[in-house]
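# Descriptive analysis of the structure
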Amino acid sequence: MSQLKNVEARILQCLQNKFLARYISLPNQNKIWTVTVSPEQKDRTPLVMVHGFGGGVGLWILNMDSLSARRTLHTFDLLGFGRSSRPTFPRDPEGAEDEFVTSIETWRETMGIPNMILLGHSLGGFLATSYSIKYPERVKHLILVDPWGFPLRPTDPSEIRAPPTWVKAVASVLGRSNPLAVLRVAGPWGPGLVQRFRPDFKRKFADFFEDDTISEYIYHCNAQNPSGETAFKAMMESFGWARRPMLERIHLIRKDVPITMIYGANTWIDTSTGKKVKLQRPDSYVRDLEIEGASHHVYADQPHIFNAVVEEICSSVD
């Protein structure tokens, strides 16, 4: 954990705006590692950003300053990921999902945030949607960035969109074990393995880091007890599919909660989900858009465009 702390400190040093980084202790003894940028901006609804599978607060470094120019930005490591506590999650998909969602709500209460613009990427988008079903009064606008776990698994194999080669490679190495077990087994070679499977990450963050800082960060985020990872495994059928697909439930979000879905034009996630969400919510605001030149990690592939789009949504709230 100390290595993760050190590499994350190198990342957060890049922030220009004032920030606070600390643990938020929940009543059940779990701790949520939280970074708040521009805490002095109290006039507007805060933006809360939820990272995806295997990620952490550091991956938002290309977005934090820009998106906190006019409002407070909160980002945290999901329970079971990054520097947050790593409890034992329930083994069933509904129980695991509820544990994540309850931890987000307890974090919000402890932080004293009355309501928020809630943004989630990938697994974070799935959990932000689940949160919005349960606590709609807390969400002024739901922003889903390449969200995981929405479509139903097609019965016809020809309809399945192929995941990128690195996903297939990792899946074949792991078989039945947890998705990132190979990283932990790799030990000191882990950062090099991240670099080999995902050389694109180094390119995405090249403006800030010429070295392997980001590969090291991803490795150390995932080289610990696989708690959130085990929960994710309980929630998924195979890497691309959720056992409890969100398209079957999105209509349960209160009608007055506006939703914007942002996709990378080159993502492996099914982008037709946005159109399907519109059909499920005919009397609600649903907007979907694709960002050219971006894949699954839209926020890092095209940070300037992504930041402008999110800033525009936030400005529509207040």
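This structure is a prediction, so every number in the text was calculated from the model and none was measured. (Residues numbered from 1 in each chain as written. Predicted model: local features only at pLDDT ≥ 70, side-chain atom pairs only at ≥ 80, totals over all residues. Heavy atoms only, no water.)

### Quick notes on the overall build of the protein
For the protein, the count of helices and strands is 13 helices and eight strands. Relative to its full complement of 318 residues, the protein shows a buried share of 59%. Long-range pairs, those at least 24 residues apart, make up 75% of the contacts in the protein between residues at least 6 apart in sequence. For the protein, the computed accessible surface area is about 13300 Å², with 52% contributed by carbon and sulfur atoms. (Helix = DSSP H or I, 4+ residues; strand = E, 2+ residues; numbered from the N terminus. Buried < 20%, exposed > 50% of the residue type's maximum accessible area, 1.4 Å probe, protein only. Contact = heavy atoms within 4.5 Å. Areas by Shrake-Rupley, 256 points an atom, 1.4 Å probe, with all protein chains shown as cover.)

### A closer look at helix H10 (residues 227–235)
Among the nine residues in H10, seven count as buried, and that is most of the element. Here H10 has its buried residues at Ser227, Gly228, Glu229, Ala231, Phe232, Ala234 and Met235.

### Here we look at the pairing of strand E1 (residues 19–25)
In terms of strand pairing, E1 meets strand E2 (residues 31–37) through seven bridges, oriented antiparallel. Across the sheet, residue Arg22 finds its bridge partner in E2, namely Thr34. In sequence, E1 turns back onto E2 through a hairpin of five residues, with Gln29 there showing a positive phi of about 80°. (Pairing = 2+ DSSP bridges.)

### Quick word on the side chain of Arg249
Note that Arg249 resides in the loop between H10 and strand E7 (259–264). We classify Arg249 as buried; its relative accessible area is 12%. Apart from the residues within four sequence positions on either side, Arg249 is in contact with Glu97, Phe126, Ser130, Ile133 and Arg244.

### Looking at the packing of helix H1 (residues 2–12) against helix H9 (residues 213–222)
Contact geometry for H1 and H9: axes closest at 9 Å, N-to-C directions at 145°. Note on packing geometry: the crossing formed by H1 with H9 is left-handed. Residues Gln3, Leu4, Val7, Glu8, Arg10 and Ile11 of H1 pack against Thr213, Ile214, Glu216, Tyr217, His220 and Cys221 of H9. Its residues assigned to classes, the contact of H1 with H9 shows six nonpolar, three polar and three charged. (Axes fitted to C-alpha atoms, helices over the stretch in contact; angles between N-to-C directions. Left-handed = near helix turned anticlockwise from the far one by under 90°. Nonpolar A, V, L, I, M, F, W, Y, C, P; charged D, E, K, R; others polar.)

### Notes on the environment of Arg22
In this structure, Arg22 sits in strand E1. Among the residues examined, Arg22 registers a relative accessible area of 23% and is labelled partly exposed. A sequence separation of 13 residues divides Arg22 from Val35, and the C-alpha atoms of the two residues are 6.6 Å apart. A polar contact is formed between the side chain of Arg22 and the side chain of Thr36, at a distance of 2.8 Å. (Polar contact = N/O pair within 3.5 Å; in protein donor to acceptor, adjacent residues only side chain to side chain.)

### Comments concerning the sheet that holds strand E8 (residues 286–291)
On the basis of which strands lie adjacent, the open sheet formed by eight strands has the order E1-E2-E4-E3-E5-E6-E7-E8 and mixed pairing. Edge positions in the sheet fall to E1 and E8, since each has one partner strand and no second. Each strand axis lies, on average, 20° off the axis of its neighbour in the sheet, ignoring direction. Pairing geometry for strand E5 (residues 116–121) and strand E6 (residues 139–145), over six bridges, is parallel. Opposite Leu119, over in E6, you have Ile143 as the bridge partner. Here helix H3 (residues 93–111) sits on the sheet in contact with E1, E2, strand E3 (47–50), strand E4 (73–76) and E5, set at roughly 115° to E1.

### Some details on unusual backbone geometry
The residue Gln29 is not glycine, and still its phi comes out positive at about 80°. Owing to a relative accessible area of 64%, Gln29 belongs among the exposed residues under this scheme.

### Some words on the pairing of E4
Of the two faces of E4, the one carrying Leu73 and Thr75 and the one carrying His74 and Phe76 are both buried. As paired elements, E2 and E4 share four bridges and run antiparallel to each other. Bridging from a neighbouring strand, Val37 pairs with Leu73 of E4. Bridge count for E3 against E4 is four bridges, and the pairing is parallel. What sits directly across from Leu47, in E4, is Leu73.

Nothing here speaks to function; it is geometry throughout.
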